[in-house]
Amino acid sequence: MLDPLRNRISGDSAAPKHGPASLLFVGLFVATAYSGSLYGRAAPYLILAEIAILVWMNLTPIAAERGYVNSRYRLQWILLLVFCGFLAWQATYTMVPEVTLIYLRRFLVFSVLLVFLPNPRTCRLAIKAGKYYGFLVSASILISTWASGIKSGGFVGDYQYGGMMASVACVLFLVDFYHDGGRLVDALGAVLSLIGVFISGKRMFAFIVVISAVWLLFSSVERGKLARLFRLSTMGVLGVGSLYATFEPVRELIGRIVLLFLPAQVATSGRSILWSLALDIFESNRLTGIGFANFVPYSDAISGAPWFGLYHVHNIYLQLLAETGVMGFGIMLGFLGSALVSTWRSYRAALRWRDNDARYILVSSIALQVWFIVYGFSGNGLYGWQEMYLYLSAVAMALSVRMSSNCGEASRLGFRGEST
């Protein structure tokens with residue numbers, strides 16, 4: 001008997017693989033996740049349009065288009081709503097309640113992405129489309145930087161966004177390289193994306209790629225992965241090494257990596273000062289914090305340094321401690337941790353059943369979640385539209401696979417009894 005989950009993901013020869021709603025959803029996913037600074041202000045409207053498509057997917061009579069209403073795996077959705085309730089209470093005492101309320105509304109919009117889910121077939125197409133668009137972004141970074149002689153973000157505008165999206169693309173190419181056939185085109189895509197990361201000069205994005213390459217290697221169950229690692233490493237060294245001799249931004253990143261061995265303030269590009277201030281604020285507001293997204297105005301008010309009041313903490317965990325105290329930090333950490341653990345459990349279940357399509361979506365979801373969690377140690381992903389959207393989309397993709405199995409023969413896939 002055919003496996004219902006495989007039918008839902010892969011489709012059959014009699015049914016169209018992707019209808020107009022699925023294609024529109026994928027287009028909006030790519031546009032939102034990769035908008036960068038080029039048209040980043042449109043991101044909220046793109047997300048609202050995507051939600052409208054997701055609602056339509058649950059009403060359409062076309063089976064190939066149909067999505068799910070997540071009525072079973074609600075823990076992350078509930079935790080996000082609890083966090084929203086906490087922010088609503090914070091707005092009654094925080095220094096600038098208007099800012100906290102803005103993020104409250106933003107998270108409420110994001111929570112809908114965990115309720116209305118696309119089908120796994122659409123999720124797989126979105127991952128592939130994002131990967132190849134990321135390849136184009138990386139190529140545009142290389143061409144634009146070569147032509148102008150200065151760091152560029154290519155299609156996505158600012159070079160920092162360019163490095164961010166190049167790192168996401170590199171991680172997705174690594175997923176395909178280790179978990180979906182090990183093709184040469186995926187190795188080339190990973191190397192070119194890595195070059196885009198190096199050109200951006202952002203050390204954390206390069207660090208995330210290294211972490212992802214290691215855990216994706218060890219989590220892969222396909223044969224010949226060590227040979228793939230050698231082939232990929234050789235291509236990476238040759239590619240980055242050749243550009244080191246010709247591109248100043250690549251030499252700049254290598255120099256900034258060397259700075260990690262110097263004193264903390266230099267090694268972290270000044271971030272350690274923000275981290276220390278965040279911890280000091282936390283010490284005086286341990287339980288409930290000063291109010292979400294209020295670190296910027298609060299630091300400006302308590303410090304005479306001219307550059308305080310301009311920056312987030314560049315560490316979402318320390319900023320959560322300062323702004324939301326132990327209570328808010330615990331809620332958000334529970335959200336991030338429970339999503340990652342449940343996705344990993346589902347991935348291990350898919351391995352036991354040897355379902356390649358479910359496995360691919362789930363390992364891609366884990367990769368994007370890990371990207372967001374690691375980036376949070378030096379970035380402000382919790383406070384940006386694109387980063388948070390990309391993360392929640394990854395969680396939603398894992399939920400889609402789990403809902404698909406629940407609608408079919410869950411016990412055969414090992415998902416029976418999972419409720420987180």
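Here the structure is shown first, and the text comes after it.
Residues numbered from 1 in each chain as written. Predicted model: local features only at pLDDT ≥ 70, side-chain atom pairs only at ≥ 80, totals over all residues. Heavy atoms only, no water.

1. Observations regarding the packing of aromatic side chains
Link 1 in the chain: Enumeration over the complete set of coordinates arrives at 22 aromatic pairs.
Link 2 in the chain: Judged by centre distance (5.8 Å) and plane angle (70°), the rings of Phe 83 and Phe 107 are edge-to-face. With Phe 83 in helix α4 (residues 75–90) and Phe 107 in helix α5 (residues 97–112), the pair connects residues that are 24 residues apart, well separated along the chain.
Link 3 in the chain: For the ring pair Tyr 103 and Phe 292, a centre distance of 5.3 Å and an interplane angle of 70° mean the geometry is edge-to-face. With Tyr 103 in helix α5 and Phe 292 in the loop between α13 (271–284) and α14 (295–302), the pair connects residues that are 189 residues apart, well separated along the chain.
Link 4 in the chain: Overall, the relative accessible area of 0% leaves Phe 292 in the buried class.
Link 5 in the chain: Here the aromatic residues Phe 83, Tyr 103, Phe 107, Phe 292 and Tyr 383 are joined through ring pairs into a cluster of three or more.
Link 6 in the chain: Arg 124 extends its terminal NZ or CZ atom over the ring of Tyr 360, reaching a point 4.6 Å from the ring centre. (Phe/Tyr/Trp six-rings, centres within 6.5 Å; stacked < 30°, edge-to-face > 60°. Helix = DSSP H or I, 4+ residues; strand = E, 2+ residues; numbered from the N terminus. Buried < 20%, exposed > 50% of the residue type's maximum accessible area, 1.4 Å probe, protein only. Lys NZ or Arg CZ within 6 Å of the ring centre and 35° of its normal.)

2. A look at the environment of Tyr 178
Link 1 in the chain: Note that Tyr 178 resides in helix α7 (residues 159–179).
Link 2 in the chain: A relative accessible area of 0% means that Tyr 178 is categorised as buried.

3. Let's talk about the packing of helix α6 (residues 120–148) against α7
Link 1 in the chain: At their nearest, the axes of α6 and α7 sit 8 Å apart, and the two run at 130° to each other. Relative to α7, α6 is oriented oblique. The two elements α6 and α7 cross, and the hand of that crossing is left-handed. Along the contact surface, α6 presents Ile 127, Lys 128, Gly 130, Lys 131, Tyr 132, Gly 134, Phe 135, Val 137, Ser 138 and Ile 141, while α7 presents Gly 162, Gly 163, Met 165, Ala 166, Ala 169, Leu 172, Phe 173 and Asp 176.
Link 2 in the chain: Here the residues of the contact of α6 with α7 sort into ten nonpolar, five polar and three charged. (Axes fitted to C-alpha atoms, helices over the stretch in contact; angles between N-to-C directions. Parallel < 35°, antiparallel > 145°, perpendicular 65-115°, else oblique. Left-handed = near helix turned anticlockwise from the far one by under 90°. Contact = heavy atoms within 4.5 Å. Nonpolar A, V, L, I, M, F, W, Y, C, P; charged D, E, K, R; others polar.)

4. A word on α7
Link 1 in the chain: Compared with the 30 Å implied by 1.5 Å per residue over 21 residues, the 30 Å span of α7 between its first and last C-alpha is a close match.
Link 2 in the chain: Among the 21 residues in α7, 18 count as buried, and that is most of the element.
Link 3 in the chain: Just downstream of α7, Gly 181 is the residue with a positive phi angle, here 115°. (Expected span 1.5 Å × (residues − 1).)

5. Digging into α14
Link 1 in the chain: All of the buried residues along α14 are Phe 295, Val 296 and Ser 299. Projected down its long axis, α14 carries its buried residues within an arc of 100°, all on one side.
Link 2 in the chain: On its buried side, α14 packs onto α13 and α15 (316–353). (Arc of directions from axis to C-beta.)

6. Some thoughts on the pattern of salt bridges
In a structure, side chains of opposite charge can pair up when their charged atoms sit close to one another.
Link 1 in the chain: Across all of its chains, the model carries five salt bridges by this definition.
Link 2 in the chain: Notably, a salt bridge pairs Asp 176 with Lys 131, separated by 2.4 Å at the nearest N-O pair. Of the two residues, Asp 176 sits in helix α7 while Lys 131 sits in helix α6, which places them 45 residues apart along the sequence. By the burial criterion, Asp 176 is buried, and Lys 131 matches it.
Link 3 in the chain: Between Asp 186 and Lys 131 there is a salt bridge; the shortest N-O distance is 3.0 Å. Highlighted residues: Asp 186 in helix α8 (residues 184–200) and Lys 131 in helix α6, separated in sequence by 55 residues.
Link 4 in the chain: Asp 186 gets classed as buried once you look at its relative accessible area, which sits at 0%. (Salt bridge = Lys/Arg side-chain N within 4 Å of Asp/Glu carboxyl O.)

7. With respect to a nonpolar patch on the surface
Link 1 in the chain: A cluster of nonpolar side chains, namely Val 210, Val 214 and Phe 218, defines an oily patch on the protein surface of about 310 Å² accessible area.
Link 2 in the chain: Relative to the assigned elements, Val 210 resides in helix α9 (residues 203–219). (Patch = residues over 30% accessible without salt bridge, like charges linked within 9 Å, V, L, I, M, F, W, Y side chains within 5 Å. Areas by Shrake-Rupley, 256 points an atom, 1.4 Å probe, with all protein chains shown as cover.)

8. Thoughts on the packing of α4 against α5
Link 1 in the chain: Close contact between α4 and α5 brings their axes to 9 Å; oriented N to C, the two are set at 165°. Comparing their axes, α5 and α4 come out roughly antiparallel. Two packed elements cross with a definite hand, and for α4 against α5 that hand is left-handed. Contacts from Trp 77, Leu 80, Leu 81, Phe 83, Cys 84, Leu 87, Ala 88 and Gln 90 of α4 reach α5 at Thr 100, Tyr 103, Leu 104, Phe 107, Leu 108, Phe 110 and Ser 111.
Link 2 in the chain: The class makeup of the residues in the contact of α4 with α5 is twelve nonpolar, three polar and no charged.

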